[in-house]
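The lines below spell out each chain.
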Amino acid sequence: YAKSTRTPAQVYTPRADVNSAARLALVSDLRWALLNEEFRLQYQPKVSIVEGRVTSLEALIRWHDPVRGVVGPDTFIPVAEQVGLISDLTDWVLATSLRQCRAWQDQGSYVSVAVNVSPPTLHDTDFVQGVRRHLELAGIPPHRLTLEITEGAVMRDPAHALRVLHDLRALGVRLSIDDLGAGQSSLTYLRQLPVDEVKIDKSFVMGMSEVADDDAIVCALVNLVHTLRLAVVAEGVEDERTWQRLRQIGCDTAQGYWLSRPLDPELVPGWLGAPHRYIDLLA
Ligand code: C2E
Ligand code: CA
Ligand code: CA
Ligand code: CA
């Protein structure tokens, strides 16, 4: 592929005309970026509110484009999904994060990783085999991998999605439903899904220390998820008040800037070994 020439000022918005020049350039650059290893992962800890333990590190992709600079996933993941590049991207994320997990293990940190799986990927015929292969290659036991999926993945073809989720469960990986409360939600599906945890969307959590309605919604969602006997994660925890409130209402796990920003992989062992302010709040 030829690399197109653009100026960084050309900002791309996913909803723009599907055939716009900016979009075509983005698609061709994404293909190039995959071949050229321009993607990087950062890792954001999920922390148990009860024990202060890091339950896993969520892999979040960034694109280091020589012209655009660092591009966030909200800009290119939707496009990659539309043009059929997402499976190759997810394959790269799985391989890279599991290899990284193994490297941390070899340094003495037995952490788990979480990987985001886009709705179309769940419906790839060889997805489960791919996950199994990456786990074997890295030498990581399946229970140390969590796959985060949105409910949208289930809505497309519920019967097929359920089979895939059961196969992944049988393989031994952990399953998480991402973004509860955002987009389409169906309690019917949520009740049937063979998952381990549910993440409350950050749009409610971020506002809960100021907005009474958001606090009430988070409380209701925590209770709802517990009624289904699943673990509940609050993402978007940005201040100490929110952490304390989540503790009070019995939320299991927290993730957010107040605990840690997404970290470059080389910073993770140091972060894991450092003392943290939330530990003092556990007493
Ligand atoms: P997500 O899975 O819901 O990830 C959470 C997003 O919230 C991340 O944005 C994270 O950096 C951000 N975040 C974490 N804590 C806070 C906080 O306290 N406050 C605020 N305001 N934001 C916080 P990011 O990294 O830009 O990722 C955006 C979305 O892109 C993700 O949402 C996920 O849907 C998607 N994504 C990221 N990496 C991948 C990937 O490897 N594969 C796929 N398929 N999707 C990915
Ligand atoms: Ca996620
Ligand atoms: Ca989320
Ligand atoms: Ca999201």
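This text follows the structure it describes.
The notes below deal with the structure included here. (Residues numbered from 1 in each chain as written. Chains lettered and ligands numbered in written order. Predicted model: local features only at pLDDT ≥ 70, side-chain atom pairs only at ≥ 80, totals over all residues. Heavy atoms only, no water.)

Every buried residue of helix α2 (residues 73-82) is listed here: Phe76, Ile77, Val79 and Ala80. Buried residues in α2 make contact with α1 (21-35), β1 (39-48), β2 (54-65), β3 (69-71) and α3 (86-106). Directly after α2, the chain includes glycine 84, whose backbone phi takes a positive value near 80°. (Buried < 20%, exposed > 50% of the residue type's maximum accessible area, 1.4 Å probe, protein only. Helix = DSSP H or I, 4+ residues; strand = E, 2+ residues; numbered from the N terminus. Contact = heavy atoms within 4.5 Å.)

Here we take up the coordination of the calcium ion (ligand 3). At this site the calcium ion (ligand 3) is bound by Asp178 (OD), Asp179 (OD), Glu235 (OE) and Glu235 (OE), with donor distances of 2.2 to 2.4 Å. Along the chain, the residues that donate to the calcium ion (ligand 3) are spaced as D-D-x55-E. The metal-metal distance between the calcium ion (ligand 3) and the calcium ion (ligand 2) comes to 4.1 Å, with aspartate 178 coordinating both. Taken together, the residues span a long stretch of sequence, with aspartate 179 in strand β6 (residues 174-180) and glutamate 235 in strand β8 (residues 231-235) at a distance of 56 residues. Overall, aspartate 179 belongs to the partly exposed group, its relative accessible area being 24%. (Donors = N, O, S within 2.8 Å, 3.2 Å for Na, K, Ca; no water.)

All right, on to the nonpolar core then. Side chains of nonpolar character tend, in soluble globular proteins, to be buried together. Ranked by internal contacts, the top residues of the largest apolar core, which has 85 residues, are Phe39, Val131, Leu145, Leu147, Leu168 and Trp243. Looking at this core element by element, the count peaks at eight residues for α3. For valine 131, the contacting residues outside a window of four places in its chain are Leu94, Leu145, Leu147, Leu168, Leu171 and Val173. (Core = buried A, V, L, I, M, F, W, Y, C linked by side-chain atoms within 4.5 Å.)

For the calcium ion (ligand 2), the full set of protein donor atoms is Glu58 (OE), Asn116 (OD1), Glu148 (OE) and Asp178 (OD), at a range of 2.2 to 2.3 Å. Between consecutive donor residues of the calcium ion (ligand 2), the sequence gaps follow E-x57-N-x31-E-x29-D. Classification of glutamate 58 by relative accessible area gives buried; the value is 5%. For asparagine 116, a relative accessible area of 29% translates into the label partly exposed.

Attention now moves to the packing of aromatic side chains. Enumeration over the complete set of coordinates arrives at seven aromatic pairs. An angle of 40° between the planes, with centres 6.1 Å apart, marks the rings of phenylalanine 39 and tryptophan 63 as tilted. Pair noted here: phenylalanine 39 is in strand β1 and tryptophan 63 is in strand β2, with a separation of 24 residues, a long-range link. Among the residues examined, phenylalanine 39 registers a relative accessible area of 2% and is labelled buried. You can call tryptophan 63 buried: its relative accessible area is 0%. The interplanar angle of 80° and the centroid separation of 5.9 Å between the aromatic rings of tryptophan 63 and phenylalanine 76 together place this pair among those described as edge-to-face. Residue tryptophan 63 is located in strand β2, and its partner phenylalanine 76 is located in helix α2; the two are separated by 13 residues in the primary sequence. Arginine 261 extends its terminal NZ or CZ atom over the ring of tyrosine 257, reaching a point 3.8 Å from the ring centre. (Phe/Tyr/Trp six-rings, centres within 6.5 Å; stacked < 30°, edge-to-face > 60°. Lys NZ or Arg CZ within 6 Å of the ring centre and 35° of its normal.)

So, on to the packing of α1 against α2. For the pair α1 and α2, the least separation of the axes is 10 Å and the interaxial angle reads 85°. Classed by the angle they form, the pair α1 and α2 counts as roughly perpendicular. From α1, Arg23, Leu26, Val27 and Leu30 reach across to α2, where they touch Thr75, Phe76, Val79, Ala80 and Gln82. For the contact of α1 with α2, the per-class residue count stands at six nonpolar, two polar and one charged. (Axes fitted to C-alpha atoms, helices over the stretch in contact; angles between N-to-C directions. Parallel < 35°, antiparallel > 145°, perpendicular 65-115°, else oblique. Nonpolar A, V, L, I, M, F, W, Y, C, P; charged D, E, K, R; others polar.)

Position of leucine 137 among the secondary structure elements: in helix α5 (residues 127-138). When its relative accessible area of 66% is taken as the criterion, leucine 137 is described as exposed.

Taken together, 22 residues are adjacent to ligand 1, and Gln44, Arg62, Ser118, Glu238 and Tyr257 come closest. In this structure, glutamine 44 approaches ligand 1 through a side-chain N or O atom, which is 3.0 Å from a nitrogen atom. A distance of 2.8 Å is found between an oxygen atom of ligand 1 and a backbone nitrogen or oxygen belonging to tyrosine 257. In this structure the site holding ligand 1 corresponds to the largest pocket. (Near = heavy atom within 4 Å. Polar contact = N/O pair within 3.5 Å; in protein donor to acceptor, adjacent residues only side chain to side chain. 1 Å grid on protein atoms, 1.4 Å probe; cavity = no way out; pocket = protein on both sides within 12 Å on 5 of 7 lines; lining within 4 Å. Sits in = over half its atoms within 2 Å of the grid points.)

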